[in-house]
Structure formats: structure tokens, C-alpha cells
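The residues making up each chain are set out below.
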Amino acid sequence: MLRFAFKRLVSLGLSLVVASVVIFLFVEVVPGDPAAYMLGLNATEETLAALREQLGLSGTLAERYLSWVGGMLRGDFGTSYTYRTPVSEMIADRMWISLPLAIYALTLSTLIAFPAGIWAASKRGSAADVSVMGLTQLGVAIPNFWFAMLMVLVFAINLRWFSAGGFAGWEAGVYPAMKSLTLPAIALALPQASILARVMRSSLLDTLSEDFIRTARAKGLTKRQALWRHALRNALIPVLTIIGLQFSFLLAGAIIIENVFFLPGLGRLVFQAISARDLIVVESVVMLLVFAVIVVNFAVDIAYAAVDPRLRVRG
Amino acid sequence: MTETGFLGAALRSRSLVLGAVLTAVFVLAAVVSFLWVPHDVTAMDIPNRMKGPEGAHPLGTDHFGRDILSMIMVGARTSIAVAVVAVGIGMVLGVPLGLAAAARKGSLLDEVIMRGNDLVFAFPSLLIAIMITAVFGASALNAIIAIGIFNIPVFARLTRGAALSLWTRDYVMAARVAGKGATRISFEHILPNVTNLLIVQGTIQFSLGILAEAALSYVGLGAQPPLPSWGRMLADSQTMISIAPHMAIFPGLAILLTVLGLNLMGDGLRDLFDPKIRRVGR
Amino acid sequence: MSLLEIEGLDLDIHGEAILKGVSLAVQPGQIVGVIGESGSGKSMTAFSVMQLLPDGAMCRGRVTLGGHEMLSLPEPSLCRLRGNEVGMVFQEPMTALNPIQTIGAQVAETILIHEDVSRAEAMARAREALERCELPEAKFPLSRYPHELSGGQRQRVVIAMAIALRPKLLIADEPTTALDVTTQAQILRLLRRLVDEDGMGLMLITHDLAVVADMAHEIVIMRHGEVVEAGPTGRVFDEMRHPYTRALFEASGHQPEREESPRDVPLLQVRDVVRDYALPRTRLFAPQEHFRAVNGVSFEIAKGESLGLVGESGCGKSTLTRAILGLEEVQAGEILLDGEPVFTGHRPNRDVRRRMQVVFQDPFGSFNPRWKVGPLVAEPFHLLRDPPTGAARDAAIAEALESVGLAAEDRHKYIHEFSGGQRQRIAIARALIIKPELIILDEAVSALDVSIRAQILDLLADLSARFGLTYLFISHDLSVVRTITDRVMVMQAGEIVEEGPTALVFDAPQHDYTKTLIAAAPVLPERGAA
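Here the structure is a predicted model, which means the values were calculated and not measured.

S.K.: I would appreciate a short explanation of the overall build of chain C in the present structure.
M.R.: Within chain C one finds 18 helices and 22 strands. In terms of overall size, chain C behaves like a compact globule, its C-alpha atoms giving a radius of gyration of 26 Å where 530 residues would be expected to give roughly 24 Å. Summarising its shape, the C-alpha atoms of chain C cover approximately 75 × 60 × 45 Å along the three principal directions. Counting 54 positive and 73 negative side-chain charges, chain C places the averaged centre of each group 4 Å from the other.

S.K.: Sorry, what's going on with the nonpolar core here?
M.R.: The nonpolar side chains of a soluble globular protein tend to be buried, and buried together. In this structure, Phe 145 and Val 290 of chain A together with Phe 123, Ile 130, Leu 221 and Trp 230 of chain B are the most contacted members of the largest nonpolar core, which totals 166 residues. Broken down by element, the residue count for this core peaks at 17 residues, all from helix H10 (residues 223-261) of chain A. Ignoring any residue separated from it by four or fewer positions in sequence, one finds Leu 221 of chain B in contact with Phe 271 and Ile 274 of chain A together with Leu 126, Ala 129, Ile 130, Thr 133, Ala 138, Ser 139, Asn 142 and Leu 216 of chain B. Grouped together as the second largest cluster of nonpolar side chains are 58 residues, Ile 111, Met 123, Ile 159 and Tyr 244 of chain C included.

S.K.: Just to check I follow, could you spell out the interface of chain B and chain A for this structure?
M.R.: Many structure descriptions define interface size as the accessible area lost when the parts assemble. Contacts between the two partners involve 38 residues from chain B, matched on the other side by 42 residues from chain A. When chain B packs against chain A, the two sides together hide about 3600 Å² of surface, and 83% of this comes from carbon and sulfur. Here chain B is connected to chain A by one salt bridge. Asp 267 of chain B is the partner of Arg 198 of chain A in a salt bridge, and the nearest nitrogen-oxygen pair spans 2.7 Å. At the boundary of chain B with chain A, the tally comes to four residue pairs in polar contact (both at pLDDT 80 or more). Among the elements of the structure, helix H4 (108-121), helix H5 (125-136), helix H8 (182-218), helix H9 (230-237) and helix H10 (246-273) of chain B are those that each provide at least two residues to the side of chain B that touches chain A. Counting residues per element, the side of chain B that touches chain A draws most heavily on H10 of chain B, at eleven residues.

S.K.: Would you take a moment to explain the packing of helix H14 (residues 420-432) of chain C against helix H15 (residues 450-467) of chain C for this structure?
M.R.: In helix packing, the relevant descriptors are the interaxial angle and the interaxial distance, both defined with respect to the helix axes. All names here are of chain C. One can describe the packing of H14 onto H15 by two numbers: an axis separation of 10 Å at closest approach and a directional angle of 20°. One finds that H14 runs roughly parallel with respect to H15. In this structure, H14 crosses over H15, and the sense of that crossing is right-handed. Of H15, the residues touching H14 (which contributes Gly 421, Gln 424, Arg 425, Ile 428 and Leu 432) are Ile 452, Gln 455, Ile 456, Leu 459, Leu 460, Leu 463 and Phe 467.

S.K.: What exactly am I supposed to notice about unusual backbone geometry here?
M.R.: A negative phi angle is the norm for most residues apart from glycine, just as the trans form is the norm for most peptide bonds. For Gln 51 of chain C, which is not glycine, the phi dihedral falls at a positive 55°. Structurally, the position occupied by Gln 51 of chain C is in the loop between helix H1 (42-50) and strand E4 (57-65).

S.K.: Would you mind showing me how to read the UniProt feature "transmembrane region" (unreviewed entry) in chain B here?
M.R.: Residues and elements named next belong to chain B. Taking the numbering used here, the UniProt-annotated feature "transmembrane region" (unreviewed entry) corresponds to residues 16-37, 80-103, 123-150, 194-219 and 239-262. Each end of residues 80-103 is marked by a C-alpha atom, and these two atoms are 33 Å apart; helix forms 100% of the span and strand 0%. End C-alpha to end C-alpha, residues 239-262 measures 30 Å, and it is 71% helix and 0% strand.

S.K.: Got a minute to help me understand the domain arrangement of chain C in this structure?
M.R.: Considered domain by domain, chain C is made up of domain 1 (26-55 + 69-85 + 168-252), domain 2 (97-166) and domain 3 (267-280 + 293-354 + 477-520). Here domain 2 of chain C and domain 3 of chain C have C-alpha centroids that lie 39 Å from each other.

S.K.: Explain the side chain of Arg 232 of chain B here, please?
M.R.: Residues and elements named next belong to chain B. Relative to the assigned elements, Arg 232 resides in helix H9. Buried and unpaired, Arg 232 has Asp 236 as its nearest opposite-charge partner, separated by 4.6 Å. A distance of 3.0 Å separates a polar atom in the side chain of Arg 232 from the backbone oxygen of Leu 227. With residues up to four places along the chain from it excluded, the contact list for Arg 232 reads Ser 217, Tyr 218, Ala 223, Gln 224, Pro 225 and Leu 227.

S.K.: Sorry, what's going on with the confidence of the model for chain C here?
M.R.: Where the model shows low pLDDT, its predicted coordinates should not be examined in detail. For chain C, the average pLDDT comes to 91, and 98% of its residues sit at 70 or higher. On the interface metric, ipTM, the complex scores 0.86, and its pTM is 0.86.

S.K.: I keep staring at the pairing of strand E1 (residues 4-13) of chain C and nothing clicks. Help me out?
M.R.: It is a general feature of regular strands that their side chains alternate between the two faces of the sheet. Residue and element names in this part refer to chain C. Direction of pairing for E1 relative to strand E2 (residues 16-26): antiparallel, over a ladder of seven bridges. If you follow Leu 9 over to E2, its bridge partner there is Val 22. Linkage of E1 to E2, two consecutive antiparallel strands, is achieved through a turn of two residues, within which His 14 is found at a positive phi near 50°. Inspection of the sheet shows E1 paired to E4 by eight bridges, in the antiparallel sense. What sits directly across from Ile 13, in E4, is Ala 57.

S.K.: What exactly am I supposed to notice about the UniProt feature "domain: ABC transmembrane type-1" (unreviewed entry) in chain B here?
M.R.: Under the feature "domain: ABC transmembrane type-1" (unreviewed entry), the UniProt entry names residues 76-266 of chain B. Helix and strand shares over residues 76-266 of chain B are 82% and 0% respectively, and the end C-alpha atoms of the span are 20 Å apart.

S.K.: So what exactly am I meant to see when it comes to the UniProt feature "domain: ABC transporter" (unreviewed entry) in chain C here?
M.R.: Using the residue numbers shown here, the UniProt feature "domain: ABC transporter" (unreviewed entry) corresponds to residues 4-249 and 268-518 of chain C. Helix makes up 37% of residues 4-249 of chain C and strand 26%, whereas the separation of the span's terminal C-alpha atoms amounts to 27 Å.

S.K.: When you look at helix H13 (residues 390-403) of chain C in this model, what are you seeing that I'm missing?
M.R.: Along an α-helix, residues three or four positions apart point the same way, because every turn accommodates 3.6 residues. All names here are of chain C. A rise of 1.5 Å per residue sets the reference length of H13, with its 14 residues, at 20 Å; its end C-alpha atoms lie 20 Å apart and thus fit the reference within 8%. Along H13, the residues classified as buried are Ala 396, Ile 397, Ala 398, Ala 400, Leu 401 and Ser 403. The inward-facing, buried residues of H13 contact helix H12 (373-378), H14 and H15.

S.K.: Got a minute to help me understand the environment of Leu 194 of chain C in this structure?
M.R.: Residues and elements named next belong to chain C. Topologically, Leu 194 is positioned in helix H6 (residues 181-198). Assessed through its relative accessible area of 0%, Leu 194 is described here as buried. In the structure, Leu 194 is positioned 61 residues away from Cys 133 in sequence and 8.5 Å away in space, judged by C-alpha atoms. If sequence neighbours within four positions are ignored, Leu 194 has contacts with Arg 132, Cys 133, Ile 159, Ile 163, Gly 199 and Met 200.

S.K.: What's the story with the interface of chain C and chain B in this structure? I'm lost.
M.R.: Contact residues are listed per partner, giving 23 residues for chain C and 18 residues for chain B. Between chain C and chain B, the buried area comes to about 1800 Å², and carbon and sulfur atoms account for 56% of it. Together, Arg 370, Glu 379 and His 382 of chain C form the three largest contributors to the area buried by chain C at its contact with chain B, with a combined 29%. The tally of links between chain C and chain B comes to one salt bridge. Note that Glu 379 of chain C is salt-bridged to Lys 180 of chain B, the shortest N-O span being 2.8 Å. Applying the counting criterion to the chain C and chain B interface returns eleven residue pairs in polar contact (both at pLDDT 80 or more). Listing elements by their share of the side of chain C that touches chain B, those giving two or more residues are helix H11 (350-353) and strand E18 (356-359) of chain C. Residue classes in the side of chain C that touches chain B are distributed as nine nonpolar, seven polar and seven charged.

S.K.: Would you mind showing me how to read the sheet that holds strand E11 (residues 266-278) of chain C here?
M.R.: The strands that make up a sheet are held in pairs by hydrogen bonds between backbone atoms, and each pair lies either parallel or antiparallel. Residue and element names in this part refer to chain C. Judged by pairing direction, the sheet is antiparallel, and its four strands sit side by side in the order E12-E11-E14-E15 without closing on themselves. A strand with exactly one partner marks an edge of an open sheet, and here the two such strands are strand E12 (290-302) and strand E15 (340-341). Of the strand pairs in this sheet, E11 and E12 are connected by ten bridges, and their pairing is antiparallel. Of the residues in E12, the one forming a bridge with Val 274 is Asn 295. Across the sheet, helix H10 (residues 317-324) lies against E11, E12 and strand E14 (332-337), angled at about 65° from E12, the strand it touches most.

S.K.: Is there a simple way to explain the environment of Ser 217 of chain B in this structure?
M.R.: All names here are of chain B. Residue placement: Ser 217 occurs in helix H8. Each C-alpha atom, one on Ser 217 and one on Ala 235, is 8.1 Å from the other, the two residues being 18 residues apart in sequence. Apart from the residues within four sequence positions on either side, Ser 217 is in contact with Gly 222, Ala 223, Ser 229, Gly 231 and Arg 232. Separated by 3.4 Å, the side chains of Ser 217 and Ser 229 make a polar contact.

Reading guide: rules and limits
In every chain, residue numbers begin from 1 and rise along the written sequence. Here chains are named by letter from A upward and ligands by number from 1 upward, in the order in which they appear as written. The model is predicted, so local features are restricted to residues of pLDDT at least 70 and side-chain atom pairs to those at 80 or more, both for listing and for counting; the totals for chains, interfaces and linings are taken over all residues. Values reported for side chains reflect all heavy atoms of the structure, with hydrogen atoms and water molecules removed beforehand. Here a strand is any run of E in DSSP of at least two residues, a helix any run of H or I of at least four, and the numbering for each starts at the N terminus. The size measure is the radius of gyration over C-alpha atoms, and the globule rule it meets is 2.2 Å times the number of residues to the 0.38 power. This count recognises Lys and Arg as positive and Asp and Glu as negative, with His and chain-terminal groups excluded. Where a charge lies is defined by one atom per residue type: Lys uses NZ, Arg uses CZ, Asp uses CG and Glu uses CD. Among buried residues, those of type Ala, Val, Leu, Ile, Met, Phe, Trp, Tyr and Cys that are joined through side-chain atoms within 4.5 Å constitute a nonpolar core. The rule is simple: take the accessible area with a 1.4 Å probe, protein chains only, and divide by the maximum for that residue type; under 20% is buried, over 50% is exposed, in between is partly exposed. We call two residues in contact whenever any of their non-hydrogen atoms come within 4.5 Å of each other. Two parts lose some accessible area (1.4 Å probe) when they are put together, and adding that loss for both gives the buried area. By salt bridge we mean one thing: a side-chain nitrogen of Lys or Arg within 4 Å of a carboxyl oxygen of Asp or Glu. Polar contact is the term for a pair of N or O atoms within 3.5 Å; when the atoms are in protein, one must be able to donate a hydrogen and the other to accept it, and sequence-neighboring residues count only if both atoms are side-chain atoms. Axis lines are fitted to C-alpha atoms, over the contacting stretch for helices. Their N-to-C directions set the angle, which ranges from 0 to 180 degrees. Angle categories are assigned with fixed cut-offs, so that under 35 degrees is roughly parallel, over 145 is roughly antiparallel, 65 to 115 is roughly perpendicular, and the rest are oblique. Should the near helix be turned anticlockwise from the far one by less than a right angle, the crossing is left-handed, and should it be turned clockwise, the crossing is right-handed. UniProt positions are given in the numbering used here, feature names are shortened, and annotations may be inferred rather than shown by experiment. Note that the domain bounds were set by an automatic or database domain assignment. Values of pLDDT, ranging from 0 to 100, describe the predictor's confidence in every residue of the model. Here, a strand pair is defined by DSSP locating no fewer than two bridges between the strands. One less than the number of residues in a helix, times 1.5 Å, gives the span that helix is expected to have. Side-chain classes follow a simple rule in which Ala, Val, Leu, Ile, Met, Phe, Trp, Tyr, Cys and Pro form the nonpolar group, Asp, Glu, Lys and Arg form the charged group, and the remainder, Gly included, forms the polar group.

Laid out in C-alpha cells, this is it:
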């Protein structure tokens, strides 16, 4: 198990290195002088030189890469050109909205999907199964930002249960803060929950047709017992994969949903940075999100090994 | 099974028929829009702005008085074109990579392809689009590239996984005994047996592509004006949602129904291609 | 009163009749062998007793187990009986266990489900059940996972689960079909011992007459969902009232007629062949380790001869096959066909390869389902420098198909339109089309029902006489090898341990391993001798 975790850790490190190189080179390929690009046509020589200095554009490619990565490792993401504040501070502020939102949504999605998927699988072919599957078919097809807009129309504008957007702030208390994240989290969670419920159902049905379920039934287990004791944990393996993948969709989705609800999270930050041509900010946020995705996939790999003893030895 | 048997089974599958009809409606709308639309989508008609659905404008007008039905028809072109090209990129690059990785399983080539895949998976298409836009500016082409890049590992993994199990079949062994090489076997024996899978996945990626294009255009990273697009119609409608909800509802429904149609078609095709399910679930 | 009584059992699945008026009985302490080919309904009879039938199944008739009417019992009562009064063992031990639970937990579950005992006590009794199934604690602690065990060991765990509560009846559905001969003998011995110790009834379902011949007290022979003959084992073998019983018996021990031909010119020469596989590295900088699959193997096959190669799974016979076919390069030694090496300068030698072909075991996986039979059969033409085209190609395909007893017109069909036996004929046609001298038959009849197997063996004997073919016949099934080969080799752990004329090796084996193999193989009684 330890060797397995170590191997995954090595490959996690490698992925991070390669991802950072890709992101770094991407920004480096900006045609011409990045400083001139960021400042536009009317920049003076002095401001250009100052920005070049700030961007660490002096030195070779390798030196620039190392200083960028080294800075990030120390928590120094550089200074935003437009806001003149350290990027790390800006990210830290926004993170307190984006991260809770993604976790809130993932929790909702799992809480909805597991019971729905298990219920549909255990009642295969029944009206319950057909209607759950029909609903998930709709849930998968609905664009989440449109769903968010409709919820704003119904629950904020017409019913006035929620505010149409903005964030109450954590200093206002947990309840108001969570309340302002609720519609965004539902909008994010529902399509993901639909996908997850479908995966849960089909994985469970596959497992239920395995030979070892028949063995369990021959031992005297009821259908229910066989499902809960033997099928469910085996069926979880593909479901974990999807949960891992969904985290990256949730992060990306959060960027868009923040736009619908005017939430000052990482998503808003990125779009502001793009329109202000603030490449340092874009680069840092993308790197951070990629980092999160890679770490979550690592956690999923470890979770696999916890579920499946065959993986522990194979490594 | 004969061809008529296949067609018969296809027609009996409710989800396949419904999905195909929905998909056909939107493809047809896109095609017809090249020849005829009810109103010119560039013509502004301020006096008639934000009109609800009525005779001359069955789906109403937007904040510039443009006909929403016409815009949805023209927008279908953008959505379909972006998604088709993106799926095409994914298939054309991903399938050969998957075939090659499977043919040389465990080799350095396989390792490089798979690790490369993992890496691309760490970049959701939205992040790729953000990076491209930050550097090169926003355009429909960006959307295509971003979604296309994300599709490559999807097809590469699917193809590799399916091909690996086919490589253990005795008919592949028989082909090797007949002196055929890995490339020839990949194209003669492996590829024909993964096409069903690729068609099913292709439909699903197509629908995901339409969703992704809409999302990118909605946040301004995709199609730019004057190119009409469903995502941007929704972005435009957002501030007007309390006064003119029809501006948000109809383009959203267009996305929903197209994606639903493609997904239903994908599910139907999968059931049809999988003889195991067909026999049981008749 | 009988322990199990089945009377006039009809079974329909989705309206299709699977069983028609099946009747049989099992007494306590009695072993009843239920025999039939695929599609005979023998497994469905077992699942009817357990009432574990697929959706859409409809039973009529009577199934009485220890006084319980199984067909009218409600599901909760059935659950109380399953595992408690009646246990079941299945064919495929590799998939019969939950891969993510320890064997201890899985055996203990049988006890926990039925009895109100503590987990610790259930575990102690699970230990006991495993001991009874000859899985000693030292090597097989309760904490083992299924993937750490071999097929035979897993089957013992499944048996331990089934007998943990000492049920009155055990149903074993082809319990040894997926296992090697020596393992099969051990499992059968274990089952017999458990029957003797507990006095339980055993319903042993199999396709192999020989398996039940010296073990079952009673025999039931099934065909197309009906019982065609039943009675005490001795009497059934003696009288064979039903023609199908006779046909089954004859097919099981079928001896194809073969002609003697002069054999002095060597065709295939294998000399000191070694084949190593690189093992995955355990540590990053560990030296590369190898697994020696074939270790210094040498033999010859004369033109027109039929040589058998016998061995259990993992002995290296498939690796040797691939080396002979020139699919993989060997690390040492040489393989010559008519004096020409199959590998020259790290490349397979096409001139040699076109003179040999192969027929595989699985009649379902041997053909690309998207191709028609014509191109499938013609595929080996790829080996020729100047393959026939147009009418000549069609004629060659027709000739190959006709020589295996199929019609030339069959070339326009897809492979799923053929039965298992017909597919194996097509596989032979594919091997014949380039007129090879050597054909390697890799378990070529192992997946076939006995009656079909007999027909294919006849066809092979006939083809060999007509075309002067040389066969390398690879099989785990000793009885088949005995009927069709002139000479036989026994392979164990990558080495040939014994070699000689077939009759001599079978009658007077020299090597210990050969003796074990031959002793383990179930044999049919001589007609009328039982």
C-alpha cells in the first residue's frame, strides 16, 4: 500500500512539473514582447521596462521558468499588473468562494446521485427506474448556466427566496454565506448528479450480473443483502473515477456559474484578468486549478486502492 | 442479423427514434438557414425590441428587435460546426494514438501516449480556452481547438481500452500467423470492431461539444459578434431576464433539446450495437 | 423419502421451453451425476432447485427438498434454505468470489446470515470449513483475498462456503471444468470425502461422462431439456437403453480411424529452445528479472506424423506454440522447418511460415465478426508472394470449405451464422487454404461438445490421410491426445519431462509427473465391464 502511494506520488510530481512547463511555455509563446502585449499600444518605455522587470523577463528561458516555479513554491505568484497587488493575496481572497462552492456542489451531487442510482438499479425496469433515468437524461442535457438563469428567474426574481447574485461574505456568518452559494451549487450539482446517478446505476447493474453475486445468493443472501454487501463496493470503482473527473468539471463550471451569480470567485478574477490582459494572474489561476485537478486525481487513485485489494499489491 | 433486422430494431428503439428526430430537426434548421430564414439576423428593429412570441416572430425578438427564431437557426450552424470539427479533431488524432498505444502495449510509446492523455485530462477544455484566449484573443476557432484538444484523450483512451481486449482475440493471432503486421491488423481487425463504440462515444462527445461551445460563447471565449451563437444569445439575455424571459428560454431550450437528442441517440445506438442488451431488453 | 425429488419439472424462460418434464431424485449420502451437452438444461435444473432463475422464468411441476416445496415457497423462506439446507458450487472459480472481500469474511458470511452468532465465532467456524476443504491456516489465513489464490484453491473456498453449515444437499455445476486434470482429481476427491463425512446428497452436473463414471451412484442423462436415461451408474453403463446414451458414450471415447504412413523424414526440428519473458521491475533500479517459460526444449516431428503435446495451464505449451509459429523470437536454440529456420536475423521467415498454420481453441473468438467467411478463410494468402486473385481465389476458398464438409456458398455468410462445430471446420479450412505441411492444433477440440468433438477428430484424421498433413496436437485433455497422436510429449514447467509412442507413454509412464497426470485423468469404464 505504501509503495503504491509512493509510486502515485512520484507520478503526481511529474504531472505537476509537466503541466507547469506547458502553462509556462504557453504564455511564453505570446507573439512578441509579453510586456508590450499586456500594456497595449500606448505604453511608454519606462512602464514597459518596469513590467519586464516585474515579469522576470530578463534571463534565459530556464531561469525564468525556475524563478516562476520557485516563487509559486514559496507562495509568491508575482504581482498583478492591473491591480498592483500580489497575485497570491487576490487568489487567497477568491478561493474562499470558489473552493466552498465546488465542495458544496460535489457534496450535493453525490448526495443526490448515490440514492437515485442505487434505487434505479435495484428497481431495474420499473416505473421508478424509467422516471429516474428520464430525469437524469434531462439533467445531463441541460446547460448549467442556463439552468442557473432559470433558477434566478424563478427563485430570486419571482419568489424572492434568494438574492439574484452576489456573495454575502463569510464575515456575515455561515448561514447567509451558504445561502448565497446555494443556487450556484445546485446549478453546478444537478447536471453532475445526473451523470453520476447514471454511472452508479449502470455500474451497479454490471456488478449485479457478476458470478459472485450468484454465489452470494446461493449462500442465502436476499437480493437486497447481495446488493448492499457485495455489489455496492465493487460498483464504486468506476463511480470514483467519475467523481474525480467531475471535480475538474465542477471547477471549470464554477468559473462560468460565478459569472451568472456575480460571485467574486476565481472565475470572475480570470475573466477580469483576460480583459485586462493580466497574464500573470491568468497563468497563476490556471496553474492552481490544474494543480487541484491533479491532486484530486491522486486522491482518487489512493481511494481505489482502499476499495480494491488487487491494486495494493500490483502497485 | 440481416440489414433489415438492424433497421427494424433501430426503429423499435424509442430513444433512438426520438433522439434521431430531435437531432435531425436542428441539423435541418442549420441547413435551411443557409437558404432561408424568417428574418435577417443582422437587421435591427428597435421599435419591436423584446417582443414576446407573436405572429411575425414566433419566438419573439431580442433587445435589438432581431428575430429569435432566425437567430436560433443561424446559431445552430455555429454550434454544430464547432462540435463536429472538435469531435473530428478528437477522433482523427485520438483514435490512431489509441490504436498505436494498444498495438505496442507496455512500450515507451504506449507510456508516453497514456501519460500525455492524463496530462491533457488535467486541463478542462474551459482552462485551455482561457489560456488560448488570454494569449491569442477570443474566437470560434479557439472554442474548436479547446474542445478538440480535450476530445483527443477521450478517444485515445476509449480506443486503447477496446483495442487491448481485441488484441487478445484469437482472430488477431490468426492474422499474425498469416504474416500481417501490427499496423495492418490495427486497421483490418481492430478498427472495424471498435467503430460501434466510436460512433456511440462520438455522439456523446458531439453533445458535450455543443454544451461546451455554448458555455464558452456565454462567457465570451467562443464565437464573437456578428456570428450568432446560442451561448451569446443567453449572455445577452441575462440582464433582461426579468423583463424579457423569452430571450433566455428559447435559446436555452434549443441547446437542451439538441443535446438531449444526441444523448438519446447515443444511448439508443449503444443498446442497438450491444447484442447482450438487445437480447435481454427487447 | 428422498432428500431431493424433482417431478415433472417444466421450465420456460420468456416463453421458450428449457426443461420438459424433468424428474430425478437424490438420496442422503448419494452422488447423482447429471450429464448432458450444452443446451441440455442440466444447469437450469440446478438453478430451479435453488430457485435462482433468470428473470422471465416460469416453473411448473414439483421440486421437494427435505420436505419443502421449493416452487411454492416465498422468497424469504427460500433464502433461509439456500446456504443452510442446500449449497451450490459453480463452474468458474475465478469469478465466483467477491474480489474485494477476504476469503474468511466470505465463508463466515454463510454462517452469519443463517445463525445468530458473534462475528468471532463465525470466523472460527469459517476457519474450520476451510480446513475441511484442505486449505490449511498456515498457507491460507482468513485474511487472504481471492486474487492471491489459484483456480483450484478458489474452488475450495467456494466449496467451503457451500458446506460451512453442513447442508443436506450440495449442488455442483461443472465444478472442475475450468480446472487442470490434477486439480480436477483433487476437487472430486474432496467432494467425495465431504459426502462420506456429512452424509449429504451431491448433485454433480457435468458434460464429461468419465468424471462421474467412477464416482456417482446414480446417473441422469439429459438432452434438449429432457431426461433420456436414468439409473444406477453400473446399470446405465451396462445397458445403455437410449441411443443417445450410447452415442454419448461412444463419442466420449471416440477413436478416429487413422492410417499408418512411413515416417522417417523430419519436418519440424526444435533444438534446445529457451524462451524468457522480462518480469516487471519490482524496484526502479532492480536488475531486470526473467521468467523462463520454455527451458531447453528439443524434439522433432516427422513428415506425416501426429505428435501430441500434453501439459497443464502455465506449463509453457502456448509459448512454445508461438515460438514455432515464428510469432516471437526465442532467446536460445533453433526451430527449423524442413531445415529452414523460422526466424532469420530477428525477422520471421515468410518462406517457412507459409508452410505451417494453426487452429485455435475458441470457435467464437477465432474470427473477426465483421468479415465474411470468404475473406476470413483466405486471410493466410497474405503469406504468399503471389496470392491467387479473382476466380482462382474463389476456387481456392471453395475447395478449402468443401474439404472440411462445408458448402462453397458459405463464403458469403458471416461467422455468427455458424455453430461452434462449423466454426471449427472453418478454422481448419483457413489453415488448409495455403496447403501447409504442418498444422498446429492448439486445444482445437477442447471447447466442443463430445459428439461434435468426435466429428472434428474424424475430419482431422481424414484430412491428414488425404493431404499428408503433419500435426502438432496440443491439449490438456489426455483422452483426446491418446486417440489421435502417434507420439506424445509431456511438458511441465517449461520442460519436456517425457516423450515416447502414445500407447507406451499411456500404458507405462516413466516420469512421476506423467504418472500423476494419467492417474488424475478420469476414465470411462469399458463398455459393459462396470
